[in-house]
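# Structural overview for review
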Amino acid sequence: MIMAPRKPRPHRDILMDSVFALVFVLVACVELCDAATVVDVYRLIQYDMSGVPFGSRLASLNHHAASLHFSPHSDLSRSVLLIPLRELNISFVKEYISESKPLGGLIFLLPQMFSFEKKGGVGSNHQDESKELLKNVLAELEQILIHANLPYPVYFAFEDDTIDAVLTDIKKNDASGQPATATTGGYKFVVSAPEPKKIVSPPISNIQGWLAGLKTDDSAQQLPTIAIVASYDTFGAAPALSVGSDSNGSGAVALLEVARLFSLLYSNPKTRGQYNLLFGLTSGGPYNYNGTRKWLRSLDQRLRESIDYAICLNSIGSWENELWVHVSKPPENAYVKQIMEDFSDVAEELGFKVNLKHKKINISNPRVAWEHEQFSRLRVTAATLSELPTAPEFLESTGGLVDSRHFVNEIAVIRSVKLIAESLASHIYGHQGKNIQIFADNSSLAVNPSYVRSWLDLFSQTSRVAPFFSKDDPFIASLKKELEEHTDEVNVHRDVLDGMFTFYDSTRAKLNIYQVASVTFDLLLLLVLGSYLIVLFSFLVITTRGLDDLISIFRRPPSRKVKTA
């Protein structure tokens, strides 16, 4: 049997196979050179205060990466510094900001204990012995950043195995004197983000609930009223991370639990007190308690005049042995004396101490240090219960980066709730000086630790910077629904934050990390591809036209004079 000769493959097929092979090589090289990973990053806040710019003024990023091990003579104008908080030198940051030294950008790497997301197995290679030191360093860094005008992007990210490995490589390159450049290669950080835009008419939402006292012949509206108030929003260097577990998540959670406890008492006419209880969750706390002022002015004048006193709750989630009652009216004021007597008696029974701190308010100064001062300006007696012995500075202790769930003790919140609830009950039911515990442990009216814990967890996972909260935000709806479970006549008072502040959007992004090849590698790759194309071309010419035609391509063509002859 004679086999038929095999048909030669068409030249077109050979050409297509060669092209596919070339594409495969190119893709493989791109994957090798640009092996990218994506990391969640959170942008430093951008805002104007009375027209003065603060925070980071840019969002997009496209620069090579460097670490704190860079050469002293390095030009960092086209570099992004990746700085772990654990290695941060505050003096370095102050120097670069105060002297306006050129930088391509900053990325601060935070330990997982400051994260509002619970990721198992992350950061296990780090010890947590110096958490208080890290907390203090981050608090100082945050204050520096929010009061600076930075003409480059600044982001925060969290430690994990991937970015730790990238940082290790960057350190090695910097330590060897070969920082990442277009010539040497290395890592490149890219954040593709649109230009930040102003937030027009930032909304604030105040939520109030009502428990009516025991009706007599007169209207219940004429009964005296006690208000329990807590602001719930935050402010911090990174709006997307400002969850404010203590300031003021703890105060808001305590208010919800107090409302739940008194709803049980007030649901039965036999145990309903002859006081109305007004519960207010207010917005705009970091901005001179702007929402509290607007909410108070929106209240019916008769209701406002019926308020005997208001108890404002602020930062009550990380104390041990003592709390502070801050007031504007003198200690001799009858209601102030009553508040202190009730608090002191209950605190003594519970085994801790409550101190009084009196500070007059300056009506001509728009700065409001405590929430109760907004009540005092309207001649309503009020006090703020807090673990802080002194008023924080403006935009300080407002639920920023350091205020995470990791540093809040739910036992402290529970003890605070017992103090507030028992003190109110003592006043409402006339039990002053008597050792009576209405909300005793293991009773039907006991503080519910599970309730406190679940709400603390929810607050600690929700960033609550007011300008970035829409009026229909699900979290506001959740607070409203919860108050409706325990109180009556719940409504939301919506307004707009005063124009002293202007905020800009773009609070979070994706950081793409690329491992870029050096120019030497690019030249080698170019040489390989060029050689491949030459061999491919020669092969195709030989197989289609013969070797003579290939050689003739490289021969010098005869001159025109020779042809004419």
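Criteria and cut-off values
Residues numbered from 1 in each chain as written. Predicted model: local features only at pLDDT ≥ 70, side-chain atom pairs only at ≥ 80, totals over all residues. Heavy atoms only, no water. UniProt positions renumbered as here; feature names shortened; annotations may be inferred. Pairing = 2+ DSSP bridges. Helix = DSSP H or I, 4+ residues; strand = E, 2+ residues; numbered from the N terminus. Core = buried A, V, L, I, M, F, W, Y, C linked by side-chain atoms within 4.5 Å. Buried < 20%, exposed > 50% of the residue type's maximum accessible area, 1.4 Å probe, protein only. Contact = heavy atoms within 4.5 Å. Phe/Tyr/Trp six-rings, centres within 6.5 Å; stacked < 30°, edge-to-face > 60°. Lys NZ or Arg CZ within 6 Å of the ring centre and 35° of its normal. Salt bridge = Lys/Arg side-chain N within 4 Å of Asp/Glu carboxyl O. Axes fitted to C-alpha atoms, helices over the stretch in contact; angles between N-to-C directions.

As annotated in an unreviewed UniProt entry, the chain carries the name Nicalin and comes from Lupinus albus. Reading the Sequence similarities (unreviewed entry) entry of the UniProt record for the chain gives the comment "Belongs to the nicastrin family." Annotation of the chain in UniProt includes, under Subcellular location (unreviewed entry), the sentence "Endoplasmic reticulum membrane".

In this section: the sheet that holds strand β3 (residues 52-56). Strand order in the open sheet made by the four strands is β7-β3-β2-β18, with mixed pairing throughout. One side of each edge strand has no neighbouring strand; the edge strands of this open sheet are β7 (149-150) and β18 (501-503). Where β3 meets β7, two bridges bridge the pair, whose relative direction is parallel. Within β7, the residue paired with Ser 56 across the bridge is Leu 150.

This paragraph deals with the nonpolar core. Within the largest apolar cluster, 66 residues are counted, with the highest numbers of intra-cluster contacts made by Phe 262 and Leu 313. Considering each element in turn, this core owes the most residues, 11 residues, to helix α5 (residues 245-266). Once residues within four sequence positions are removed from consideration, Phe 262 is found in contact with Leu 211, Leu 277, Ala 421, Leu 424, Ala 425, Ile 428 and Phe 439. Judged by nonpolar contacts, the second largest core, of 57 residues, contains Phe 54, Leu 103, Ile 204 and Ala 240.

Before going further, it helps to examine the packing of aromatic side chains. According to the stated counting rule, one finds 23 aromatic pairs in the structure shown. Both rings, one in Tyr 287 and one in Phe 503, keep their centres 5.7 Å apart while their planes meet at 70°; by these two values the pair is edge-to-face. Of this pair, Tyr 287 sits in the loop between β12 (276-282) and α6 (290-298) while Phe 503 sits in strand β18; the two residues are 216 residues apart in sequence, bridging distant segments of the chain. Here Tyr 287 matches Phe 503 in class, with each residue buried. Taken together, Tyr 47, Phe 54, Phe 235, Tyr 287, Phe 394, Phe 468, Phe 501 and Phe 503 form an aromatic cluster joined through their ring pairs. The cationic tip of Lys 101 hangs over the ring face of Tyr 96; the distance from NZ or CZ to the ring centre is 5.0 Å.

Now for the pattern of salt bridges. As enumerated under the stated definition, the model contains 18 salt bridges in all. For the salt bridge of Asp 48 with Arg 57, the shortest nitrogen-to-oxygen distance reads 2.9 Å. Assigned by exposure class, Asp 48 and Arg 57 land together as buried. Measuring nitrogen to oxygen at the nearest pair gives 2.9 Å for the salt bridge that ties Arg 405 to Asp 457. Here Asp 457 lies in helix α11 (residues 449-459) and Arg 405 lies in the loop between β16 (382-386) and α10 (410-428), a separation of 52 residues in the sequence. What you see here is one network of salt bridges that share partners, running through Arg 293, Lys 294, Asp 495 and Asp 498.

Sheets are built from strands that pair by backbone hydrogen bonding, the pairs being arranged parallel or antiparallel. Read once around its circumference, the closed barrel built from seven strands follows the order β1-β8-β6-β5-β4-β9-β19, with strand pairing classed as mixed. Going across the sheet, the axis of each strand differs from the next one's by a mean of 35°, ignoring polarity. In the sheet, strand β1 (residues 37-43) pairs with strand β8 (residues 154-158) via two bridges, with the strands oriented antiparallel. Residue Tyr 42 lies in a different strand from β8, and its bridge partner there is Phe 156.

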